[in-house]
Amino acid sequence: MKKNNFKISIIISLMVLLSHCDSNISNSSGALDFDRSEQVYVPPGEYDSYYAFLSGGFSGQLSVYGLPSGRLLKIIPVFSVDAEKGYGFNEETKPLLNTSFGSIPWGDSHHPDISQTNGELDGRWIYINENNTPRIAKIDLSLFETTEIIEIPNTAGNHSSSYVTENTEYVIAGTRFSIPVPQKDIPINQYEGNFKGALSFLKVNSDNGEMNLSFQILMPGFNYDKAHPGRGPSHGWFFYTTYNTEEAYSLQEVNSSQNDKDYIAAVNWKKAEKYINEGNYKTIKTNYAHNIYNEETQTGETKWIKEVRVLDPSNCPGLVYFLPTPKSPHGCDVDPSGEYIVGSGKLSANVTVHSFSKMIDAIKQKKFSGEAYGIPILSFDAVHVGTVKQAGLGPLHTEFDNLGNAYTSFFISSEVVKWKLGTWEVIDRKPTFYSVGHLMIPGGNSRKPFGEYALAMNKITKDRYLPTGPEVTQSAQLYNIKGDKMKLLLDFPTVGEPHYAAAIPAGLIKDKSKKLYKLEENFHEYVSHSGLETKVVRNGQDVHVYMTTIRSHFTPDNIEGIKVGDKVYFHVTNLEQDYDVPHGFAIIGANTSEILIMPGQTETIIWEPKKVGVWPFYCSDFCSALHQEMQGYVRVSPKNSNIELSWSLDN
Amino acid sequence: MILSNDKNELGKMLMIIASILPLAVFIFPLWNVTLEAPQYPTPLGLNIHINDFTDMNPHDIKNINLLNHYIGMKYIPDSIPEFKIFPAGIIITSLLGFFIALRNSYIYFLLWCLLMISLSTLGIIDFYLWEYDFGHNLDSKAILKFLDDNGNMISFQPPMIGSKNILNFRAHSYPRLGSYFLASGIFFSLIAYFVSRKYYVKR
C-alpha cells in the first residue's frame, strides 16, 4: 500500500513538472519569439528599412547589412585585396592600395562614418579608417565601391579616425600610437617629449567627396583613441579621448593605466584654420600616397605628396584644451544637441559627461588646473556636468537616440545600458552575448538620430552559434529601443570584427544606387565600345588584349601568337547595358585573380603564361542560359616561335 | 554476528571507519571556487585538494589568473607549504585514529574527534587567510582599481563559503566531496565514542 502511494506521488509530481514545462513554452518564450521574429522579418521581395555599414576590423573591408533583418547585402573591399572581385588584383584597383610602404594587401578597418549636411546624414559617401598602415578611404554610396584612399603621414595606428564634421567640411584622423615626427632613429626610452601624436584634418571637396590633408596638429605623445565632432553650438570643435598620458612605452596595459584621469582633448578647428590662414604653421617634409579612382577612366591613380603643414599647439593659443576624464577613456561621444561630451572611462564603472557650454565658460574664466606641453588643462569641476554612476563595468562607447537618451556599451560586464541625458539616471540595461565593443544607432553620430534600433557589436560569441572549430564568428545584436525598455530582437554573425558601424534609412540612398556604367561614358584607356573595336596588340613582351563580353561570348574568343614569357593584359569590357548582368573572366594559371566586370565597365587582369599549349578562359559569373558555352582559347607558343598574333570570333 | 558488541566490536569498527574516511581527501577535492559571468557560458572553477590546486575544466586556473591580473591579484601559486603539511597531518591523524581504534579506548575516540575538529578549523582559518590575502593585497598598479567612498581600494575577497558578486562575476565557494569524507570521519569517531561509552558504562 505504502509503495503504491509512493509511485502515485511520483507520477503526479512528474505530471506537474511536465505541465509546467508546457506552459513555459507556450506562454513566455514562444510568444516573445513570435513577437521578435515579426519585428525582424522582411518578407521575400521586400526591402529592409536601413542600410547598415559594419567595419570589418581585421578583414579590412566594409560589409553592408540590411536592418532589421540582418541580411548581408554586400562586402565592399576597401583595404584588403579581394580575389572574388579582383580588387587589388586588377590593374584598375591596384593603385588604390599604394602607400609609402609599397602596395599593402591587408588593412584593419575601423570606424565608418557617413557624410553629413547640416548635421544630418546625406548618404553621399562613407569614410572609413585603416588602423595599421594609416589610411582613410572614401566609398561612393552610389557605386558602393571604394573610390579613394589617402595615406595619413606622421601617424601610427590610425584609430581616432575617420569622423566627419556636420557639413562634411573635414574628415579627421588621429594617431593611436605616438611616434617621432618626423620619424628618426632614436632609443625607445627617449619617448617622453620626443614622440608626438598627430591629429589630421582632411578637407573634403563638397562636390565629389575627395579628401586633401589640409593640416596636422602635433600633440603631446599620448595615445589618441576615439573622436567625435561637435555639432550645433559645438560645431567647429573636435573632441578626442586620450590615454597613456603617462607616456609609457612598455607594458602599457599596466603603465598606461596609472593616472586616475587622462584627458579629452578639445580642438578648435575653426581656430586652426585661422592659424593656417595666418601662416602660423610649419611645413614638414614627408611622402604619402593619395589614391583616387577616376570614375571616367574607371582606373585608380596614385599621387605622391611630399609635404604637410603642421601646427604646434603650444604656439597656437586657444587651439587645444584638455578636459580631465577618468580612467583611460575610450569612447568620446557628442550628443545630438552638441552640448554633452561623453567620455567612457574603460577601466571604471562610471560614464563621465562634460558640458560644452561649461567648457566655454571655463576657458573664458581661465579655470585651469595646470598645463601639459603648453596646452591648458581645464579644471575637472569646471567642465564636468554629470556622471552616470556605477552603471556597469568597463564603459566603451555611447550612442544617442532622438529622445534625449544615451546608450553605453560596457565591455567587461557585457551589457548595454540606457540612461537619460541631464539626469544621468540609468533607465534600462540588457545583456549582450558577449563582451560588446561598440554600439550603433542609425544617425547616432549626427544631429538627427533615428531612434528605432541599436546595434551592439560583440567581440566574443563562444556558445552562441553552432561551433566552427577554434575560430568562431563575432556578432551583432539588434535591439528595439523604441520603448523605455530595450528588447533584443536579433543576433547575427558578422564579417571580420566590426569596430563600429553607421546606418542610414534606406530611402536616403537606395534610389541613387547606380544600376550600371554607361558604355558611352566609359573612357577607360583600353575600352572597346563594341566587338568591332577589339584587337590584340604586342608591345615587346607586353600583349594587350582588347576584349568584350556580351551574352554569351567573348570577342575575340581565340587568340594565337602568345608566347611563353609574355605578359598578357586582358582588358575586358562588358558590353551589357542591363541591370545585374556582370560577366567574369578567368584564365587557367593566372597568378592574379578573376575579374568581375559590371555592365559598361572595363577591367584589366594580367596573365603570364608559363607553359606551351592551348589554354582556355571562361566566364566565371553565371550570366545566362549559355554561360557554360562562354569560353575561349589562347594558344601559347614557345618563347622563340615566330607565330604572328591573330585573333578571331567565329572563323 | 561479527559485529556482536561483546568486546565493543561495533565501536571499534566505527572508529576504524572514522580513521579511514579522511584518507578520501587524497582522491576528492576539499573545496571548489567557481566564477560565473555571462561571457563564460562554461564557468571557471578551481578545485582545492589536500595537496594541489586543479582546474575544474581544462586551463581554468590559467584563465582565472589572467582575469585576476586585471585587478592586481596575485597568481594562484603552483604549490603552497600547506600541500606538504596537510597531507602529512591527514596521514598521521588517520594512523593515530587507527591505532586508537585498535586500542579500543573510547575516551581517545573523543580526543581524536576533538583533535580532528581543531585541525579542520585551523585548515579553514588558513583558507580564509589565503583568501583574505588574495582579496586585499592587490597590486597598487592594478589596471582596474575601484575605490570606496573613503578612497580605499575595494577588495575582491572570494566568499569562504557561499556565493557573492565580485565585479561582473558571481563567485561560489563550497566544500566538495573530500571535505564531506573528512567531516563524516569526524562524525563517525563521535558515534564510535558514544557507542563505546554506552558499552563500557553498561558494563
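Residues numbered from 1 in each chain as written. Chains lettered and ligands numbered in written order. Predicted model: local features only at pLDDT ≥ 70, side-chain atom pairs only at ≥ 80, totals over all residues. Heavy atoms only, no water.

1. Focus on the layout of surface pockets
Residue and element names in this part refer to chain A.
Moving on, step 1. As a volume, the second largest pocket reaches approximately 1300 Å³.
Moving on, step 2. Residue lining of the second largest pocket: 40 residues in total, with Lys74, Phe144, Ser513, Lys514 and Tyr579 positioned closest to the centre.
Moving on, step 3. Taken together, the elements giving at least two residues each to the lining of the second largest pocket come down to strand E1 (50-55), strand E3 (71-76) and strand E9 (145-151).
Moving on, step 4. Considering every element that reaches the lining of the second largest pocket, the biggest residue donor is E3, with three residues.
Moving on, step 5. Broken down by class, the residue content of the lining of the second largest pocket amounts to 18 nonpolar, seven polar and 15 charged.
Moving on, step 6. The residue makeup of the lining of the second largest pocket includes at least three contributed by each of domain 1 (394-514) and domain 2 (526-648). (1 Å grid on protein atoms, 1.4 Å probe; cavity = no way out; pocket = protein on both sides within 12 Å on 5 of 7 lines; lining within 4 Å. Points joined across faces, edges and corners; volume = space filled by probe spheres on them. Helix = DSSP H or I, 4+ residues; strand = E, 2+ residues; numbered from the N terminus. Nonpolar A, V, L, I, M, F, W, Y, C, P; charged D, E, K, R; others polar. Domains from an automatic or database assignment.)

2. Focus on the packing of helix H4 (residues 106-136) of chain B against helix H5 (residues 177-202) of chain B
All names here are of chain B.
Moving on, step 1. Packing of H4 against H5 brings their axes to within 8 Å, and their N-to-C directions diverge by 160°. What the angle tells us is that H4 and H5 run roughly antiparallel. Pair H4 / H5 crosses with left-handed handedness. For the pair formed by H4 and H5, the contact residues are Tyr106, Phe109, Leu110, Trp112, Cys113, Met116, Ile117 and Ser120 on the first element and Leu182, Gly185, Ile186, Ser189, Leu190, Ala192, Tyr193, Ser196, Arg197 and Tyr200 on the second.
Moving on, step 2. Here the contact of H4 with H5 is composed, by residue class, of 13 nonpolar, four polar and one charged. (Axes fitted to C-alpha atoms, helices over the stretch in contact; angles between N-to-C directions. Parallel < 35°, antiparallel > 145°, perpendicular 65-115°, else oblique. Left-handed = near helix turned anticlockwise from the far one by under 90°. Contact = heavy atoms within 4.5 Å.)

3. Describing the packing of aromatic side chains
All names here are of chain A.
Moving on, step 1. One pass over the structure, following the stated rule, counts 44 aromatic pairs over all chains.
Moving on, step 2. Geometrically, the ring pair formed by Phe239 and Phe356 is edge-to-face, given 6.4 Å between the ring centres and 85° between the ring planes. You can see Phe239 sitting in strand E16 (residues 237-243) and its partner Phe356 sitting in helix H5 (residues 356-364), a full 117 residues away along the chain. One exposure class covers both Phe239 and Phe356, and it is buried.
Moving on, step 3. Relative to Tyr434, the ring of Phe433 lies with its centre 5.6 Å away and its plane at 75°, an arrangement referred to as edge-to-face.
Moving on, step 4. Taking relative accessible area as the criterion, Tyr434 reaches 5% and is therefore assigned buried.
Moving on, step 5. Through successive ring pairs, a cluster of aromatic residues spans Tyr170, Phe201, Phe215, Phe238, Tyr240 and Trp269.
Moving on, step 6. Above the plane of the ring of Tyr500 lies Lys226, whose end atom (NZ or CZ) is 5.1 Å from the centre. (Phe/Tyr/Trp six-rings, centres within 6.5 Å; stacked < 30°, edge-to-face > 60°. Buried < 20%, exposed > 50% of the residue type's maximum accessible area, 1.4 Å probe, protein only. Lys NZ or Arg CZ within 6 Å of the ring centre and 35° of its normal.)

4. A closer look at a nonpolar patch on the surface
Residues and elements named next belong to chain B.
Moving on, step 1. Residues Ile20, Leu23, Phe26, Ile27, Ile91, Leu95, Phe98, Phe99 and Leu102 make up a contiguous nonpolar surface patch of about 810 Å² in total accessible area.
Moving on, step 2. For the nonpolar patch, the element with the most residues is helix H3 (residues 82-103), which contributes five residues.
Moving on, step 3. Position of Leu23 among the secondary structure elements: in the loop between helix H1 (9-20) and strand E1 (31-37).
Moving on, step 4. Overall, the relative accessible area of 35% leaves Leu23 in the partly exposed class. (Patch = residues over 30% accessible without salt bridge, like charges linked within 9 Å, V, L, I, M, F, W, Y side chains within 5 Å. Areas by Shrake-Rupley, 256 points an atom, 1.4 Å probe, with all protein chains shown as cover. Salt bridge = Lys/Arg side-chain N within 4 Å of Asp/Glu carboxyl O.)

5. Things to note about the nonpolar core
Moving on, step 1. Counting 51 residues, the largest nonpolar core has B:Met15, B:Leu46, B:Phe53, B:Ile76 and B:Phe156 as the members making the most contacts within it.
Moving on, step 2. If you list the elements that add at least two residues to this core, you get H1, E1, strand E2 (40-48), helix H2 (60-68), H3, H4, strand E5 (169-175) and H5 of chain B.
Moving on, step 3. For this core, the element with the most residues is H4(B), which contributes six residues.
Moving on, step 4. Those residues in contact with B:Phe156 that lie beyond four places of it in its chain are B:Ile71, B:Met73, B:Gly135, B:Leu138, B:Phe146, B:Ile166 and B:Leu167.
Moving on, step 5. Grouped together as the second largest cluster of nonpolar side chains are 42 residues, A:Ile114, A:Ala476, A:Ala502 and A:Ile504 included. (Core = buried A, V, L, I, M, F, W, Y, C linked by side-chain atoms within 4.5 Å.)

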